[in-house]
Protein chains: 4
Amino acid sequence: MAGNSIGQFFRVTTFGESHGIALGCIIDGVPPGIPLSPEDLQKDLDRRRPGASRYTSPRLELDRVHILSGVFGGVTSGTSVGLMIENTDPRPQDYSEIKDTFRPGHADYTYEKKFGVRDYRGGGRASARETVMRVAAGAIAKKYLLQHSGIQIRGYLSQIGDICCELKDWNLVEENPFFCPDASKLEQLDALIRDLKKVGDSIGAKITVVAENVPVGLGEPVFDRLDADLAHALMSVNAVKGVEIGAGFSVVNKRGSENRDEITMQGFQSNHAGGILGGISSGQPLIAHLALKPTSSIRVPGKTINRQGETVAIVTSGRHDPCVGLRAVPIAEAMMAIILMDHLLRQRAQCGEPQPV
Amino acid sequence: MAGNSIGQFFRVTTFGESHGIALGCIIDGVPPGIPLSPEDLQKDLDRRRPGASRYTSPRLELDRVHILSGVFGGVTSGTSVGLMIENTDPRPQDYSEIKDTFRPGHADYTYEKKFGVRDYRGGGRASARETVMRVAAGAIAKKYLLQHSGIQIRGYLSQIGDICCELKDWNLVEENPFFCPDASKLEQLDALIRDLKKVGDSIGAKITVVAENVPVGLGEPVFDRLDADLAHALMSVNAVKGVEIGAGFSVVNKRGSENRDEITMQGFQSNHAGGILGGISSGQPLIAHLALKPTSSIRVPGKTINRQGETVAIVTSGRHDPCVGLRAVPIAEAMMAIILMDHLLRQRAQCGEPQPV
Amino acid sequence: MAGNSIGQFFRVTTFGESHGIALGCIIDGVPPGIPLSPEDLQKDLDRRRPGASRYTSPRLELDRVHILSGVFGGVTSGTSVGLMIENTDPRPQDYSEIKDTFRPGHADYTYEKKFGVRDYRGGGRASARETVMRVAAGAIAKKYLLQHSGIQIRGYLSQIGDICCELKDWNLVEENPFFCPDASKLEQLDALIRDLKKVGDSIGAKITVVAENVPVGLGEPVFDRLDADLAHALMSVNAVKGVEIGAGFSVVNKRGSENRDEITMQGFQSNHAGGILGGISSGQPLIAHLALKPTSSIRVPGKTINRQGETVAIVTSGRHDPCVGLRAVPIAEAMMAIILMDHLLRQRAQCGEPQPV
Amino acid sequence: MAGNSIGQFFRVTTFGESHGIALGCIIDGVPPGIPLSPEDLQKDLDRRRPGASRYTSPRLELDRVHILSGVFGGVTSGTSVGLMIENTDPRPQDYSEIKDTFRPGHADYTYEKKFGVRDYRGGGRASARETVMRVAAGAIAKKYLLQHSGIQIRGYLSQIGDICCELKDWNLVEENPFFCPDASKLEQLDALIRDLKKVGDSIGAKITVVAENVPVGLGEPVFDRLDADLAHALMSVNAVKGVEIGAGFSVVNKRGSENRDEITMQGFQSNHAGGILGGISSGQPLIAHLALKPTSSIRVPGKTINRQGETVAIVTSGRHDPCVGLRAVPIAEAMMAIILMDHLLRQRAQCGEPQPV
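Residues numbered from 1 in each chain as written. Chains lettered and ligands numbered in written order. Predicted model: local features only at pLDDT ≥ 70, side-chain atom pairs only at ≥ 80, totals over all residues. Heavy atoms only, no water.

We apply this condition: UniProt positions are given in the numbering used here, feature names are shortened, and annotations may be inferred rather than shown by experiment.
In the annotation of an unreviewed UniProt entry, the entry for chain A reads Chorismate synthase, and the organism field reads Candidatus Fukatsuia symbiotica. What UniProt states about chain A under its Pathway (unreviewed entry) heading is, verbatim, "Metabolic intermediate biosynthesis; chorismate biosynthesis; chorismate from D-erythrose 4-phosphate and phosphoenolpyruvate: step 7/7." Taken directly from UniProt, the Catalytic activity (unreviewed entry) text for chain A runs: "5-O-(1-carboxyvinyl)-3-phosphoshikimate = chorismate + phosphate".

Set out below in structure tokens:
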């Protein structure tokens with residue numbers, strides 16, 4: 001319970017269901033005096049928006065965000081910021097047939113057992129639609145971090161199925177619907193998604209998020225390490241099953257002599273640590289990877305049970321993404337921004353203004 | 001700041017440095033009436049203890065835990081439990097030569113830059129010695145979870161370097177110093193660690209933790225998902241660089257039709273989800289994997305800088321583990337226990353007593 | 001910062017300014033399965049509403065509450081409840097002349113100095129209009145407490161100026177605009193308020209709130225005592241300058257032999273403790289008193305300074321209550337309900353379902 | 001549950017029972033680099049200590065505080081500070097006869113009903129002995145506030161029984177065992193306490209705490225107002241039944257024209273607000289009053305029930321204060337210091353370093 005908030009000082013609390021009236025959030029702890037308008041939030045909302053390309057869900061949501069409080073005369077006033085996005089294209093009737101069925105890979109079963117009641121319309125609160133408010137709140141953090149500290153947060157698709165995408169060109173990321181940084185992979189990606197749509201199946205993905213110009217000193221010993229808070233934030237995103245910082249799981253078969261990042265007068269000689277030492281930012285780029293499972297809503301028939309405990313077959317029609325990873329980049333960026341913002345304020349509180357890198 | 005606590009309802013707050021007077025913790029929210037004695041905690045403390053085998057650090061710490069409050073007449077009284085372990089074998093002089101040097105791969109540099117002051121003795125607060133109180137607190141949670149709900153939490157070494165260890169025998173895990181569940185790998189493990197000690201290098205490791213008999217319904221939408229809180233708890237352990245739930249990163253190249261765990265009247269047909277759907281426990285075994293980097297304190301000479309910014313060579317002597325992963329199993333179990341305990345109380349608060357599986 | 005939330009498990013987070021677009025809140029930790037409709041909240045909102053009588057501010061606000069999430073099929077779903085009330089009668093132009101003036105007794109000066117920016121329209125976030133969401137959230141708690149535990153929370157005007165009102169008739173409280181429980185005082189009250197409106201001055205008030213049928217055992221040692229949390233909640237209401245539990249300040253000249261509430265087989269022989277012993281509810285009626293200062297927005301001319309630091313005269317016109325205490329009863333009830341709800345859940349988490357009285 | 005912490009950023013968590021092994025606390029969020037030694041804490045501990053004068057309990061406790069962590073090289077290191085005080089004069093046998101009796105006015109009954117188990121030795125966790133760690137933690141806050149911001153926090157006895165003590169001389173407060181600021185009342189106080197000891201009864205008291213040089217801007221809208229947090233902190237002290245800010249309950253019969261503190265170019269013309277406007281510090285002296293009930297442990301025989309529900313007579317022998325208010329001044333100062341410290345850090349986090357008055 002009381003699990004709808006994230007952050008200690010810069011705290012985001014959200015509400016809203018996939019096919020309810022509206023989604024919203026309250027952002028507490030926003031520094032005063034930041035110029036803020038809906039346009040500042042809309043850019044990332046549009047990057048996340050379903051229906052933005054033929055590769056994602058055809059659900060049409062304009063995702064127009066309303067700033068209901070906390071901004072006065074065009075700048076943040078220091079009081080809590082209320083945001084709201086109305087659901088303009090809900091189609092609850094699409095879901096009436098799964099009302100009594102627990103879709104495999106979804107939260108239907110666990111919500112029903114936990115609460116004894118379940119909003120079955122598109123997964124209700126468990127829907128990835130919930131992330132829209134994360135993106136809106138994260139956009140405020142991103143803006144502040146960039147303007148106040150020069151911190152830049154960006155993400156890209158690093159793998160989908162067997163197709164690995166190397167970071168070759170940040171600019172390219174925004175120019176294709178896959179958030180792919182490697183032009184040589186675009187054709188394969190297109191073919192893969194088309195094929196999946198044809199067969200009605202889905203695929204997993206790996207996303208990488210990077211923050212540059214993070215000052216040294218963010219992160220709190222011992223439980224609220226920066227990496228621990230990042231892991232929490234990223235793992236809380238729908239469909240995420242794994243989080244890595246820097247070298248991640250590849251450290252398992254590395255030697256200490258190879259993995260420790262040696263330091264010279266020119267700085268760190270490598271960044272296996274992913275920008276975090278002892279849970280505290282080191283001034284190197286902060287690097288996190290996350291694994292997203294394939295969408296469970298697919299047309300390939302599958303077995304499940306209904307509320308009466310009987311075995312039934314399921315085919316999920318409706319409007320769904322063949323790869324949720326394709327929309328996860330702005331979400332992952334937002335989560336990293338929220339965590340960095342929170343830790344920037346925490347560091348300022350205890351130790352004073354962090355020094356830029 | 002204020003980062004030394006974990007858990008919302010079952011809350012553990014710790015203090016203590018590697019070579020200070022003592023380490024301790026306060027555990028708040030312990031249900032009353034649980035029989036509790038130091039012996040209940042000692043077993044796991046001994047499993048974690050350095051000097052317990054020839055494969056780990058020869059530092060001699062008896063790690064005798066004192067229960068200072070919260071227990072009356074042999075049972076918990078519902079008030080905060082204070083625990084303390086005195087450091088009996090501190091050797092701060094071992095560290096005088098690294099007083100002005102930032103050891104690569106360690107938190108020396110980041111602590112110094114964050115706080116402007118640094119307890120250089122064995123890493124101070126950043127030392128893995130800090131985890132001793134996690135294990136003590138976790139033992140209380142483990143006891144309650146087992147007695148009250150039948151939940152059993154166990155971990156094992158699943159990989160070290162290139163040696164993969166399959167879960168073949170839970171009993172074996174407690175009978176060898178590697179926490180290895182596969183008898184056929186013991187010889188290779190022994191050879192690997194001996195070799196590392198000889199060359200003065202270290203290696204990474206992968207640990208797996210499993211909780212069985214977890215009731216359905218633990219975990220809070222949307223930020224405090226059970227997997228998100230587990231990721232936070234496990235990533236907060238020293239040296240951890242990656243956390244996976246269930247299939248983890250292998251989902252990246254899985255199809256939805258393959259990865260969704262179908263359900264029949266006989267239950268789930270697979271457990272790629274690792275026991276969590278939509279952030280809520282499903283009643284299946286809860287499975288988490290974590291990657292620990294190789295110890296950075298090694299005898300292989302390396303480059304670093306000192307406080308004056310000058311390049312210096314470093315060779316870390318002192319008493320160190322060639323693989324921190326070898327002591328991480330009890331720590332990871334403790335973290336999972338703390339999180340499950342917290343969520344058991346949260347579920348009880350909002351929805352009433354969770355039903356056993 | 002991050003001060004817009006109250007409650008640990010049953011947590012209410014609010015946003016909104018007096019003359020902004022809307023006010024809203026998110027309520028986290030609501031038990032699932034409670035029947036809930038806007039009508040459940042509207043009754044208390046109407047009791048608090050300005051313009052409800054000729055004795056209070058003539059500002060016309062319909063205060064129609066929208067439930068945006070967390071309710072499905074007519075019952076709470078266990079997910080966060082989003083509420084919103086639009087401001088239908090904002091008149092920001094009424095305030096343009098105080099844009100540069102710090103009204104004495106108001107938060108104008110402190111908000112400006114704290115944040116460097118100030119929403120001057122009716123006090124912005126500092127306006128008592130903010131309490132509308134407290135009442136809405138409190139109504140949910142009140143409903144649950146009554147239905148689930150039989151707890152009844154009611155308040156009344158106990159003093160205004162020199163007129164003391166004794167609790168003679170609970171029914172009367174809802175039948176007069178003063179929330180007065182003593183029919184013999186109604187005429188005096190009417191005369192007092194009329195006189196104040198004529199001279200353009202205001203007066204303080206004392207409110208008493210009582211909760212009956214509170215189970216024994218609510219309240220947490222040692223900082224989150226039930227009385228401490230109540231004091232926090234009640235003192236956080238606009239204009240409150242004092243809070244008492246039970247005998248309150250009258251204990252200062254009482255003897256121990258007189259003040260301790262003796263116990264016999266028939267129960268407690270008195271209730272100086274106000275239903276709380278050692279910070280934990282005793283099963284006796286929970287009694288709190290609060291003092292509200294006179295409205296600072298009055299027509300009697302006063303001295304203050306403007307943003308340039310120059311002395312200016314001020315006469316506050318606009319739509320204001322001659323006694324804010326006259327609208328504080330539903331607010332105080334709501335705050336007590338939120339705290340009791342939070343502690344009911346906390347007790348259930350640690351010790352199981354509290355036994356009814 | 002989880003009620004043993006206070007403060008959001010500067011967070012104090014305590015443990016310990018009256019007649020247990022030790023009491024202790026963990027202080028999280030302490031800024032690094034503050035010179036700190038046990039002597040810094042001892043002064044206030046001695047002011048609070050029982051047995052310090054013939055007017056208070058003759059229990060002999062040296063209250064020697066040990067700093068177990070968080071200080072390195074004589075200064076705070078930014079990590080959590082662990083403090084411990086051993087109980088050197090416990091006499092649990094004094095309490096064996098009340099093992100089965102619920103002392104009226106005490107928490108015996110409520111603890112037993114809440115937890116099902118009760119440490120009956122001197123009240124266990126409910127004993128005022130618990131406040132020793134508040135004083136220790138508060139001393140750190142007091143030191144920082146004074147050195148960093150010039151904030152001075154002092155308290156005095158303002159009333160006991162019918163004897164009112166005016167603030168005539170701050171120096172006198174430390175020179176008499178009553179914390180009385182008015183030399184003309186010392187003889188009456190002495191006579192009152194002697195008389196109470198003779199008849200075995202007790203009396204209530206009123207304490208006033210004042211913070212000077214508080215910068216403008218501390219306090220968070222809307223629930224974590226500075227006054228709300230102060231009320232919480234002060235009401236959480238044993239025996240406190242009422243809290244006032246500034247004019248407190250006297251506002252009930254004040255007019256707005258009289259109560260609002262007018263402002264001129266020379267500053268505020270009065271301080272009915274007690275230094276807080278809209279929940280935010282105004283730069284004027286912060287003034288709080290608290291009412292403490294008479295000690296319930298008295299020799300005057302009284303009626304109560306035992307665990308079997310039978311009526312029994314009770315006479316509390318043992319070592320008790322005739323007026324707990326006489327030791328409450330350092331405790332109240334400590335609580336105000338903790339809250340101000342917390343809000344200083346909160347303000348710094350969101351808005352930057354507060355400007356001195």
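That shown, we press on.
**So, the overall build of chain A**
To keep it simple, the criterion reads: Secondary structure elements are defined from DSSP: runs of H or I of at least 4 residues count as helices, runs of E of at least 2 residues count as strands, and each element is numbered from the N terminus. To get the radius of gyration, use the C-alpha atoms; to get the globule rule, take the number of residues to the power 0.38 and multiply by 2.2 Å. Exposed residues in this analysis have more than 50% of their type's maximum accessible area, buried residues have under 20%, and partly exposed residues fall in between, with area computed by a 1.4 Å probe over protein chains only. Residues are treated as being in contact if the distance between any of their heavy atoms lies within 4.5 Å. His is not counted, nor are the chain ends, whereas Lys and Arg count as positive and Asp and Glu as negative. To locate a charge, the coordinates of NZ of Lys, CZ of Arg, CG of Asp or CD of Glu are taken.
Check the secondary structure of chain A and you find eight helices and 18 strands. The C-alpha atoms of chain A give a radius of gyration of 21 Å, which matches the 21 Å a tight globule of 357 residues would have. Put simply, chain A has 357 residues, and 71% of those count as buried. Put simply, of all contacts in chain A between residues at least 6 apart along the chain, 70% involve residues at least 24 apart. Within chain A, one finds 40 positive and 41 negative side-chain charges whose respective centroids are separated by 4 Å.

**Quick notes on the relation of the copies chain B and chain D**
In plain terms, the rule: Least squares is used to superpose the copies, and the fit set is the C-alpha atoms of residues whose pLDDT is at least 70 in both copies.
Rotating chain B by 180° and translating it 0.0 Å along the rotation axis places it on chain D, where the RMSD comes to 0.0 Å. Seen this way, the second copy is the image of the first under a two-fold rotation axis. Mapped onto chain D, 100% of the interface residues of chain B are again interface residues, and the two copies thus contact each other with one and the same surface.

**Section: the sheet that holds strand β2 (residues 11-15) of chain B**
For clarity, the cut-off: Here, any two strands with at least 2 DSSP bridges between them count as paired.
In spatial order, the strands read β1-β2-β3-β7-β4 (chain B); together these five strands make up an open sheet with antiparallel pairing. What marks the edges here is a single partner per strand, and that holds for β1 (5-6) and β4 (65-67) of chain B.

**Section: the packing of helix α1 (residues 38-48) of chain B against helix α8 (residues 328-351) of chain B**
Residue and element names in this part refer to chain B. Test applied: Only the stretch in contact is used when a helix axis is fitted, and all axes are lines through C-alpha atoms; the angle between N-to-C directions ranges over 0 to 180 degrees. By definition in this entry, angles of less than 35 degrees are roughly parallel, angles greater than 145 are roughly antiparallel, angles of 65 to 115 are roughly perpendicular, and the rest are oblique.
At their nearest, the axes of α1 and α8 sit 7 Å apart, and the two run at 135° to each other. What the angle tells us is that α1 and α8 run oblique. Across from D44, R47 and R48 in α1, the residues of α8 making contact are V329, P330, I331 and E333.

**Let's talk about the side chain of N176 of chain D**
All names here are of chain D. What counts here: Polar contact is the term for a pair of N or O atoms within 3.5 Å; when the atoms are in protein, one must be able to donate a hydrogen and the other to accept it, and sequence-neighboring residues count only if both atoms are side-chain atoms.
Along the chain, N176 falls in the loop between α4 (170-173) and α5 (186-199). At 3.1 Å, the side chain of N176 and the backbone nitrogen of F179 are in polar contact. Within the structure, N176 has its side chain in polar contact with the backbone oxygen of C180 (distance 2.8 Å).

**Examining the interface of chain A and chain B**
The test is simple: Note on definitions: buried area is the accessible-area loss of two parts on being combined, 1.4 Å probe, summed for both. Salt bridges are counted wherever a side-chain nitrogen of Lys or Arg sits within 4 Å of a carboxyl oxygen of Asp or Glu.
Taken together, the contact between chain A and chain B spans 112 residues of the former and 111 residues of the latter. Counting each side, the surface lost to burial between chain A and chain B is near 8,600 Å², with a carbon and sulfur contribution of 62%. On inspection of chain A and its partner chain B, the count reaches three salt bridges. Salt-bridge contacts for K114 of chain B lead to E220 of chain A; the nearest nitrogen and oxygen are separated by 3.0 Å. Between chain A and chain B we count 55 residue pairs in polar contact (both at pLDDT 80 or more) in total.

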